[in-house]
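Spelled out, the chains give:
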Amino acid sequence: MNVEEGELRVDDQTGDSHAGLVVIGMGCAGLSAAVSYLEASEARGRDRVIVLERSTSEERGGSTRYTSSWFRVTEDRELDPDFVTDMESFSGGLADLEYCRTLAREVPDSIAFLEQHGVEYTYFKQGLPNGNTGGGLGMPARSGRGIVEGLAAVLEQHERAELLYEMEAVRLSVSDEGRVDGVAVRGPDGLLRVLHAPAVVIASGGFEGNPRMLTQYLGERACDMPVISPGTGNNRGEGIVMAVDVGADTAGQFDMAHIEPTDPRTTKPDAVIYPYTYGIVVNRDARRFFDEGKDSFDETFEELGYEIWHNQGQTAFLIGDQTSLSVAGFNECVFSDKPAVTAETLPDLARQLGIDPDALVETVTRYNAAIAPGELDPYRFDGKHTENLEPPKSNWAFPIDSPPFIAYPMTGSICFTFGGLRTDALGRVLTPSGRPIPGLYAVGEVTGVYYHKYPVGTSVIRGVTFGRLAGADAAAVAAVGAAAQPVR
Ligand SMILES: Cc1cc2nc3c(=O)[nH]c(=O)nc-3n(C[C@H](O)[C@H](O)[C@H](O)COP(=O)(O)OP(=O)(O)OC[C@H]3O[C@@H](n4cnc5c(N)ncnc54)[C@H](O)[C@@H]3O)c2cc1C
């Protein structure tokens, strides 16, 4: 077989791929693992890394390619100081706190790692209006795509790296001694072959692109949820299944996912409607069902997205007016490329949305009448609330009475699933009795850590962090193995 991009560099005589590591997936987690492995094995200088990607090179990078990639960090690059306690309380004590503490400790080094590999980093002292993510937020200058292209470029220029596209990992290979020793892959020719390597890193994302698994774990009508980006649909859960097949344990909440309220009128990825805090949200019966002001949008949009999917038949509308639009940054918080629906009257707005005009007028009238006195301050928790209204609005409750009125339709789009593989803080996959499975690592979304609520801005940075740690550990294990068994 020729040694060309996209083809296996396989020894024609033996069929051996001669890799020291096979990585499944070219998102932030897999690419970080591959780069880290190469650097940590530089002294030995002979083990190759093969990175597999289900999609084409143009579409590589899964969800990472499409994420804004906010990092929940402080200005001095530390993870939000409340992260570990938040994880403990959100999860009701179920989250692996050693893993969380490792993440907190490693985040500054992970940001430095990205910068060292051509990924420009930037920090915004002021996040989006009414966002609560540590006050400001960090992110790569070119978002998630910058991570994918930056790290992939490092690999493309490295003689010991091989990137294989349209190559799906199907199952793991296990030696007679019980070590994971390779991956069975299927390429565009439809043939199954085994790539042998002493270590495998699974970085293939969650199961958000697999309707069968979504139905199995999240329940009825999971198939109604669109994926929030095309790359997200490439994550179909095989990484979880193949590891469980060789005895891996799982972690994270399998019946929960990060779901976001997005505009159903567009195919634009990440078309999230965030500024519902400055209006009201109604369902298809034109009734409110959610306290839009109970917290900042980045603390509640997951709950709203889940609620729209699970209990509201996938249909909801943000209703606002000119006061809503007067909030500085309102439009910047609308990630849709479609304009708001507008109308001079509420009945006309309702007719355009396809909901009952009388019911919308009644809902808005009751809401306006329930607003307690007080000054509106959109940029802090102003306590301006409703009284004797169910559900209440706890902050930013102002009358919706200044036309033209506006509306954005919303549906719940799936971003990532919570359930995944259980690992230790080096990314080693564990069995139910807590033993690492020799030769097997898992990093990023394919690993489970979140329960009940996702602390926004931690998924990419945990992918980079544990990718980095797993790649380095695989190289260290290879070095020890080589020392014990001199190369003949
Ligand atoms: C629109 C959007 C916005 C987001 N916003 C944020 C944010 O602001 N901050 C944040 O921290 N997180 C955010 N997230 C979540 C975050 O981007 C992801 O959780 C994270 O990027 C996942 O990284 P990963 O490397 O684990 O998986 P991915 O980046 O999804 O990569 C998995 C890769 O594995 C490949 N693959 C899957 N199965 C196979 C197989 N069998 N064989 C070969 N290849 C396979 C896929 O094609 C893909 O390239 C967002 C996600 C999206 C989609």
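Residues numbered from 1 in each chain as written. Predicted model: local features only at pLDDT ≥ 70, side-chain atom pairs only at ≥ 80, totals over all residues.

1. Thoughts on the confidence of the model for the chain
Looking at the chain as a whole, the pLDDT averages 93, with 93% of positions reaching at least 70. Note on residues 1–8: pLDDT is under 50 here. Beyond four places in sequence and across chains, it has ten contacts. Long-range and interchain partners of residues 10–15, a stretch whose pLDDT sits below 50, account for seven contacts in this model, where long-range means more than four residues apart. (pLDDT = per-residue confidence, 0-100. Contact = placed C-beta atoms within 7 Å.)

2. Details of the sheet that holds strand β7 (residues 180–186)
The strands making up a sheet associate through backbone hydrogen bonding, with each pair oriented either parallel or antiparallel. If you trace the three strands from one edge of the open sheet to the other, you get β6-β7-β8, paired in antiparallel fashion. Two strands in the sheet have a free side with no partner beyond their single neighbour: β6 (168–174) and β8 (192–196). The mean inter-strand angle of the sheet, taken between neighbouring strand axes irrespective of direction, is 30°. Relative to β8, β7 runs antiparallel, the two sharing five bridges. Looking across to β8, one finds that Ala 184 is bridged to Val 194. (Pairing = 2+ DSSP bridges. Helix = DSSP H or I, 4+ residues; strand = E, 2+ residues; numbered from the N terminus. Axes fitted to C-alpha atoms, helices over the stretch in contact; angles between N-to-C directions.)

3. Some words on the domain arrangement of the chain
When cut into domains, the chain gives domain 1 (19–254 + 418–484) and domain 2 (262–413). Just the C-alpha atoms count here: the centres of domain 1 and domain 2 sit 35 Å apart. Contact with domain 1, which involves 18 residues of that partner, is made by 21 residues of domain 2. Broken down by class, the residue content of the side of domain 1 that touches domain 2 amounts to ten nonpolar, six polar and two charged. (Domains from an automatic or database assignment. Nonpolar A, V, L, I, M, F, W, Y, C, P; charged D, E, K, R; others polar.)

4. Considering the pairing of strand β11 (residues 257–262)
Within β11, six of the six residues are buried, leaving the element largely enclosed by the surrounding structure. The side-chain alternation of β11 yields two buried faces, one formed by Ala 257, Ile 259 and Pro 261 and the other by His 258, Glu 260 and Thr 262. Pairing of β11 with strand β15 (residues 405–417), which is carried by six bridges, proceeds in the antiparallel orientation. The partner of Glu 260 across the bridge, within β15, is Ser 413. (Buried ≥ 20, exposed ≤ 12 C-beta atoms within 10 Å, placed from the backbone.)

5. Focus: the site of the ligand
Neighbouring the ligand are 47 residues; Gly 25, Gly 27, Gly 62, Thr 67 and Gly 444 lie closest to it. When contributions to the shell around the ligand are tallied by element, the ones reaching two or more residues are α1 (28–40), β6, β15 and α11 (459–484). No other element matches α11, which puts four residues into the shell around the ligand. (Near = placed C-beta within 6 Å.)

6. Notes on the pairing of β15
Most of β15 sits inside the fold, with 13 of its 13 residues counted as buried. The pairing of strand β13 (residues 316–320) with β15 spans five bridges and is antiparallel. Looking at β15, one finds that Phe 317 is bridged to Pro 409. Both strand β14 (residues 341–343) and β15 contribute to a ladder of three bridges, which runs antiparallel. In the sheet register, Thr 342 faces β15, and the bridge partner there is Ile 406.

7. Section: the nonpolar core
Ranked by internal contacts, the top residues of the largest apolar core, which has 130 residues, are Val 22, Val 23, Ala 34, Val 51 and Val 201. When residues of this core are assigned to domains, at least three map to each of domain 1 (19–254 + 418–484) and domain 2 (262–413). When sequence neighbours within four positions are dropped, the list of residues in contact with Val 201 reads Leu 21, Val 23, Ile 24, Gly 30, Ala 33, Tyr 441, Val 443, Ala 470, Gly 471 and Ala 474. Of all hydrophobic cores here, the second largest spans six residues; its members include Tyr 278, Val 327, Trp 396 and Phe 398. (Core = buried A, V, L, I, M, F, W, Y, C linked by C-beta atoms within 7 Å.)

8. Thoughts on helix α10 (residues 357–369)
Taking 1.5 Å per residue, 13 residues should reach 18 Å; α10 reaches 18 Å between its end C-alpha atoms and fits that length. All of the buried residues in α10 are Leu 360, Thr 363 and Val 364. Angularly, the buried residues of α10 cover 90° about the axis, an arc narrow enough to put them on a single face. Facing away from the buried side of α10 by more than 90 degrees, the exposed set consists of Asp 358 and Ala 369. Turning to α10, the residues buried within the fold contact β12 (280–283), β13 and α9 (346–353). (Expected span 1.5 Å × (residues − 1). Arc of directions from axis to C-beta.)

9. Quick notes on the sheet that holds strand β1 (residues 19–24)
Strand order in the open sheet formed by six strands is β5-β2-β1-β9-β18-β17, with mixed pairing between adjacent strands. At either margin of the open sheet sits one strand with a lone partner, and together these are β5 (161–164) and β17 (428–430). Adjacent strand axes in the sheet meet at a mean angle of 30° when their direction is disregarded. Alignment of β17 against strand β18 (residues 436–442), held across two bridges, turns out to be antiparallel. The residue bridging Leu 430 from the neighbouring strand is Pro 436, located in β18.

10. Remarks on helix α3 (residues 97–116)
Over its 20 residues, α3 runs 29 Å from end to end, which matches the ideal 28 Å to within 8%, given 1.5 Å per residue. At Glu 106, α3 shows its largest kink, close to 50°, and the proline Pro 108 lies no more than four residues downstream. Looking only at α3, the buried set comprises Tyr 99, Cys 100, Leu 103, Glu 106, Val 107, Ser 110, Ile 111, Phe 113 and Leu 114. Positive backbone phi, at 80°, marks Gly 118, one or two positions downstream of α3. (Bend = angle between axes of the 7 residues up to and from the residue.)

11. Let's talk about the environment of Phe 90
In this structure, Phe 90 sits in helix α2 (residues 83–90). Between the C-alpha atom of Phe 90 and that of Gly 187, which follows or precedes it by 97 residues, the distance is 41 Å. Discounting residues that sit within four places of it in the chain, Phe 90 has contacts with Tyr 451, His 452, Lys 453 and Pro 455.

12. Section: the packing of α9 against α10
The geometry of α9 relative to α10 is characterised by a closest axis approach of 8 Å and an angle of 130° between their N-to-C directions. Relative to α10, α9 is oriented oblique. As for the relative orientation of α9 and α10, their crossing is right-handed in sense. Between α9, through Leu 346, Pro 347, Ala 350 and Arg 351, and α10, the contact on the second element is made entirely by Pro 357, Leu 360, Val 361 and Val 364. (Parallel < 35°, antiparallel > 145°, perpendicular 65-115°, else oblique. Left-handed = near helix turned anticlockwise from the far one by under 90°.)

13. Quick notes on unusual backbone geometry
The step from Glu 390 to Pro 391 runs through a cis peptide bond, and the omega angle for that step is -10°. Inspection of the secondary structure puts Pro 391 in the loop between α10 and β15. Put simply, Pro 403 and Pro 404 share a cis peptide bond, and its omega is -5°. Along the polypeptide, Pro 404 turns up in the loop between α10 and β15.

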